[in-house]
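# Secondary and tertiary structure notes
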Amino acid sequence: MPKSNILKNKKIILTGAAGILGAALTKRYLDMGADIALLDINEAGLDKLQKNLIQFQNQKILYYTLDLTNPEEVDQTVKSIFKEFSVIDVLHNNAATKGDDLKKFFYSYEDYDPLTWKQIIDGNLTSMFLMSQAVGKIMKKQKKGSIIQTSSIYGVINPDKKIYEGSEYHGIQISCPAVYSVSKHAVIGLTKYLASYWGEYNIRVNAISPGGIYSGQNRNFFENYSKNVPLGRMASEKDILGSAVFLASDESEYITGQNIIIDGGLSL
């Protein structure tokens, strides 16, 4: 992807920066000219990402390791970023979690551990509440800003249980647990609420709902999922980047409260 200046001088905060999608978003935002603050709980992941960004030495890149579900850590980090940047143009709430135990994440609804449920809700939703709350206070004073929130196609439609038959992720039998769908539906709800709540301050709030992104699922899942997609394949992280850049840029300055579905036609 050739570089562009569409985000030149934009100051962006990206959460979940060390993940597969987060790393791709980081590079694309930098390619488009932005300065960026990268947030993740995974310190090793951020260190690895930093080593892959040496070509952007003329742009300002900040790195913060924190727990996005901790209000004090979030508040202190946002204040530190604002001190460095003097303005926050874009917050991209991209962080999500599968919890500490991947097997427990995929438990059946009847056997689901309430502690795992809370952990996923906190990681997928409460983190966005805390970040948007802290950044929103700054954007209100600026009277401008764009907030982007990563949801999912399963925040729009129900998962098809049949595609999970014989499906694995890193050797673990997978499903789509209720807590994932519930949290991603809630992200869209929060997005619409904040778009209305902060509209008078010229703060735009939009969501992006990717379809299934290929990230190591077995062949059985890939084929089952792809059969339901008119474009005939799962998404890659690159498929999501253009919409994110658009929402971060001034080209989308009259768009708010929307959920951009990027699913290859799955939800038709």
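Presented here is a report on the structure given in the accompanying data block. (Residues numbered from 1 in each chain as written. Predicted model: local features only at pLDDT ≥ 70, side-chain atom pairs only at ≥ 80, totals over all residues. Heavy atoms only, no water.)

## A closer look at the environment of V245
Convention followed: Secondary structure elements follow DSSP: runs of H or I no shorter than four residues count as helices, runs of E no shorter than two count as strands, and numbering proceeds from the N terminus. The contact definition used throughout considers only heavy atoms, calling two residues in contact when any of these lie within 4.5 Å.
In this structure, V245 sits in helix 8 (residues 238-248). On a C-alpha basis, the gap between V245 and I148 in space is 9.9 Å, while along the polypeptide they are 97 residues apart. Apart from the residues lying within four places of it in its own chain, the contact partners of V245 are I6, L7, R28, Y29 and M32.

## So, the pattern of salt bridges
Heads up, the condition is: Salt bridges, as used here, are contacts in which a Lys or Arg side-chain nitrogen is within 4 Å of a carboxyl oxygen on Asp or Glu. Each residue's exposure class comes from its accessible area (1.4 Å probe, protein chains only) as a fraction of the maximum for that residue type: buried when under 20%, exposed when over 50%, partly exposed otherwise.
Scanning the entire structure with this criterion turns up 11 salt bridges. For K144, the salt bridge identified is with D89, shortest N-O distance 3.6 Å. Of this pair, K144 sits in the loop between helix 5 (114-142) and strand 5 (145-150) while D89 sits in the loop between helix 3 (71-85) and strand 4 (90-93), and the two are 55 residues apart along the sequence. A relative accessible area of 37% places K144 in the partly exposed class.

## What about the packing of aromatic side chains?
Just so we agree on the cut-off: Each pair of aromatic rings taken from Phe, Tyr and Trp, with Trp reduced to its six-membered ring, is defined by centres within 6.5 Å and is described as stacked if the planes are under 30 degrees apart, edge-to-face if over 60, and tilted in the remaining cases. We call a charge positioned over a ring when the NZ of a Lys or the CZ of an Arg lies within 6 Å of the ring centre and within 35 degrees of the ring normal.
All told, the structure shown has seven aromatic pairs when counted by the stated rule. Ring centres of Y164 and F221 lie 5.4 Å apart, and the angle between their planes is 45°; this geometry places the pair in the tilted category. In this pair, Y164 sits in the loop between strand 5 and strand 6 (168-169) while F221 sits in helix 7 (residues 219-227), placing the two residues 57 residues apart along the sequence. F221 matches Y164 in its accessibility class, with the two residues each being buried. Of the aromatic side chains, those joined through ring pairs into one cluster are Y164, F221 and Y225. Across from the ring centre of Y169, 6.0 Å away, lies the NZ or CZ of K98, which sits over that ring.

## Re the sheet that holds strand 3 (residues 61-65)
Worth spelling out the cut-off: Two strands make a pair as long as DSSP finds a minimum of two bridges between them. Inter-axis angles, ranging from 0 to 180 degrees, are taken between N-to-C directions of lines fitted to C-alpha atoms, where helices are fitted over the stretch in contact.
The parallel open sheet is built from seven strands, whose spatial order is 3-2-1-4-5-8-9. Where the open sheet ends on each side, the last strands, each with one partner, are strand 3 and strand 9 (259-262). The mean angle between the axes of side-by-side strands here comes to 15°, regardless of whether they run parallel or antiparallel. In the sheet, strand 5 pairs with strand 8 (residues 203-210) via six bridges, with the strands oriented parallel.

## Observations concerning the packing of helix 3 against helix 5
The relative placement of two packed helices comes down to the angle between their axes together with the axis-to-axis distance. In plain terms, the rule: We call a crossing left-handed when the near helix sits turned anticlockwise from the far one by less than a right angle, and right-handed when that turn is clockwise.
Between helix 3 and helix 5, the least distance of the axes is 8 Å, while the angle of their chain directions is 35°. Two packed elements cross with a definite hand, and for helix 3 against helix 5 that hand is right-handed. Facing P71, V74, V78 and F82 of helix 3, the residues of helix 5 in contact are L130, M131, A134, V135, I138 and Q142.

## Observations concerning the side chain of N224
What counts here: Here a polar contact is taken to be a pair of N or O atoms separated by no more than 3.5 Å, where protein atoms must pair a possible hydrogen donor with a possible acceptor and residues adjacent in sequence count only if both atoms sit in side chains.
Examined against the element boundaries, N224 turns out to sit in helix 7. Here N224 falls in the buried class, since its relative accessible area comes to 18%. Here I163 takes part through its backbone oxygen, which lies 3.4 Å from a polar atom of the side chain of N224. What N224 contacts, discounting residues up to four positions off in sequence, is K162, I163, E165 and S167.

## Quick word on helix 5
Heads up, the condition is: A helix's residues, less one, multiplied by 1.5 Å, set its expected span. What is called the bend at a residue is the angle between a pair of axes, fitted to the seven residues leading up to and ending at it and to the seven starting from it.
Over its 29 residues, helix 5 extends 40 Å from the first C-alpha to the last, a length consistent with the 42 Å expected when each residue adds 1.5 Å. The largest bend along helix 5 reaches roughly 40° and is located at D122. One side-chain oxygen at the N-terminal end of helix 5 lies 2.9 Å from the backbone nitrogen of L115; it belongs to D113. One or two steps after helix 5, the chain reaches K143, where phi turns positive at roughly 60°.

## Some words on the pairing of strand 8
With eight of its eight residues buried, strand 8 lies for the most part within the structure. Alternating positions in strand 8 separate into two faces, I203, V205, A207 and S209 on one and R204, N206, I208 and P210 on the other, with burial throughout. Direction of pairing for strand 8 relative to strand 9: parallel, over a ladder of four bridges. Its bridge partner being in strand 9, I208 is matched across the sheet by I260.

## Section: the nonpolar core
Note the following rule: Nine residue types can take part in a nonpolar core, namely buried Ala, Val, Leu, Ile, Met, Phe, Trp, Tyr and Cys, and a core is a set of them joined through side-chain atoms within 4.5 Å.
L7, Y29, I36 and L38 are the most contacted members of the largest nonpolar core, which has 30 residues in total. For this core, the secondary-structure elements that each account for two or more residues are strand 1 (11-15), helix 1 (20-31), strand 2 (35-40), helix 2 (43-51) and helix 8. Counting residues per element, this core draws most heavily on helix 8, which supplies six residues. With near-sequence residues (within four places) excluded, Y29 lies in contact with L7, I12, A34, I36, H92, I148, A244, V245 and A248. A37, L39, L66 and L68 belong to the second-largest nonpolar core, a separate cluster that totals 29 residues.

No statement about biological role is implied by the geometric values presented.
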